Amino acid sequence: MKKLLYLLLVLPFAMMISSCSSDKDLPNVDITLTFDNAAVKDGAVYVIQDSVFSMTGITVKAVDTKQQAAIANIRYFWNGIPAPGLTWSPLPMEIDMAQMPQPENGENILGLRATLLETDKSIAYTALNVPIIAVENEEALPDGVTIGEASFTFSNTPQSDKE
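Residues numbered from 1 in each chain as written. Predicted model: local features only at pLDDT ≥ 70, side-chain atom pairs only at ≥ 80, totals over all residues. Heavy atoms only, no water.

Below, the discussion takes up the packing of aromatic side chains. In total, this model carries two aromatic pairs according to the counting rule given. Look at F35 and F53: their rings are 5.8 Å apart centre to centre, the planes differ by 45 degrees, and that puts the pair in the tilted class. Within this pair, whereas F35 is found in strand β1 (residues 29-41), its partner F53 is found in strand β3 (residues 52-62), the two being separated by 18 residues in sequence. Under the relative-accessibility criterion, F53 is labelled buried at 0%. For the ring pair F152 and F154, a centre distance of 4.9 Å and an interplane angle of 50 degrees mean the geometry is tilted. (Phe/Tyr/Trp six-rings, centres within 6.5 Å; stacked < 30°, edge-to-face > 60°. Helix = DSSP H or I, 4+ residues; strand = E, 2+ residues; numbered from the N terminus. Buried < 20%, exposed > 50% of the residue type's maximum accessible area, 1.4 Å probe, protein only.)

Here eight bridges tie β1 to β3, and the two strands are oriented antiparallel to one another. Note on β3: the bridge partner recorded for V29 is A62. With four bridges joining them, β3 and strand β6 (residues 93-96) adopt antiparallel strand pairing. Across the sheet, S54 pairs through a bridge with E94, a residue of β6. (Pairing = 2+ DSSP bridges.)

Set out below in structure tokens:
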């Protein structure tokens, strides 16, 4: 009876070691962040210093398959500092720029760390850094840029540290 009990205790560990999935089978997705009261130009999101802008959506789409994809367990960071007060869920979420700590040059980083999921793929983790540039007023925006609805897309190409 003791031998059977020991075998039952070891069995779950043996199943974990002999996993069928491959670390090279990671999600290949595009992640799109949608903002309101912002503008996107040259890989940066522009906002007005004393305004409130919103992140209205995060969408994930599989690149090379028609499989379903999702993002989960999102953690936010503002200028590298974990932002527990910025647990914005569900979307939309508002960011009051007047309340956020900012460097003098107005160049901020909104960081996202999350779990990526795609059907028939291994679970993966991603880290995104969105440059948020706060300008004094609309006249300080780059030429041809107007504040409104904007989107920012990241291509999340899978990488494994075991290659």
